[in-house]
Amino acid sequence: MKILITGTTSGIGLKLAQDYMAAGNTVYCCGRNQSVLHQLVGPFGDKAIPISFDVQDREGCLAALASLPELDLVILNAGTCEYIDANDFDAACFERVLRINLIGLANCLQALIPKLAAGSSLSLMGSSSSYLPLPRAEAYGASKAAIEYLAKTLAITLGKEGIHVSYIAPGFVETPLTDLNDFPMPMRVDVEFASRRIRQGLERKQREIHFPRLFTGFMKTLSLLPFAWQRFLLSKVLMS
Ligand SMILES: NC(=O)c1ccc[n+]([C@@H]2O[C@H](COP(=O)([O-])OP(=O)(O)OC[C@H]3O[C@@H](n4cnc5c(N)ncnc54)[C@H](OP(=O)(O)O)[C@@H]3O)[C@@H](O)[C@H]2O)c1
């Protein structure tokens, strides 16, 4: 298969790229860090095709991806996380997170949807934070909730063209991103687990790939409660 993954210089994207290449696929590996991208070519030879661009730069993104051939699978994984202090709301921080996670993803969609034909797959990296309103995740959670909505609408519109669209919602995964977190991360899994679950879910054409199930199942169950209950429970558990 010809696969394109954004955010392959670190964490979940790097492991996904390595696992797909080890299985014989050609992977277009995207990120800003050129030296890490080029290191992937060493072990995987021409299976790794590095493409360096910043997802926030629409023109750069469109130019970098313009000459690609038709793709079998696209995973838009690049993202960041910063937390908000609601009592000292930082709009610049909000904008930074939205620009990378949401607008950056939209830039990639503009470049890559034309590369997808019937039978191909598109997967958008969200987070289980999109299921519940989590304190301090005002920016990150909002970006991921928007991505969940986008994945669902694209599943309908692109589905008509025979393109399978899915949404990925991990709980906590051990990566440089979560290494920065200063709070307990229940049921955090490693990147091997995350990559295996994502690849399995994509192979089975699941619409929503969420893991670890015990954690995300709990989040999804809470999300079914009336908002007054969610607000009571979340403020008791996360803000006491
Ligand atoms: N780790 C978790 O617990 C967790 C849970 C739920 C969802 N996720 C999501 O999973 C995705 C990957 O996260 P991770 O934990 O693997 O984080 P990570 O190790 O920090 O990797 C983030 C990747 O995104 C790329 N990236 C960031 N900003 C970019 C930009 N402006 N332009 C191009 N590429 C950019 C980075 O590459 P460069 O720096 O080289 O550009 C890097 O390869 C994110 O969307 C994150 O929200 C993670």
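About the criteria used
- Residues numbered from 1 in each chain as written.
- Predicted model: local features only at pLDDT ≥ 70, side-chain atom pairs only at ≥ 80, totals over all residues.
- Heavy atoms only, no water.
- Buried < 20%, exposed > 50% of the residue type's maximum accessible area, 1.4 Å probe, protein only.
- Helix = DSSP H or I, 4+ residues; strand = E, 2+ residues; numbered from the N terminus.
- Pairing = 2+ DSSP bridges.
- Axes fitted to C-alpha atoms, helices over the stretch in contact; angles between N-to-C directions.
- Contact = heavy atoms within 4.5 Å.

A. Representation of the pairing of strand 5 (residues 116-125) in the model. The buried fraction of strand 5 amounts to seven of the 10 residues, a majority that puts the element mostly inside the structure. The pairing of strand 4 (residues 71-76) with strand 5 spans five bridges and is parallel. By the bridge assignment for strand 5, leucine 73 is matched with serine 121. In this structure, strand 5 lies alongside strand 6 (residues 164-170), joined through five bridges in parallel fashion.

B. Here's a closer look at the sheet that holds strand 2 (residues 26-31). The parallel open sheet is built from seven strands, whose spatial order is 3-2-1-4-5-6-7. Each end of this open sheet is capped by a strand with a single partner; those strands are strand 3 (48-52) and strand 7 (208-211). Direction aside, the axes of adjacent strands within the sheet are offset by 15° on average. Across the face of the sheet, helix 6 (residues 138-157) comes into contact with strand 5 and strand 6 while running at roughly 155° to strand 6.

These results come straight from atomic positions and should not be treated as a statement about function.
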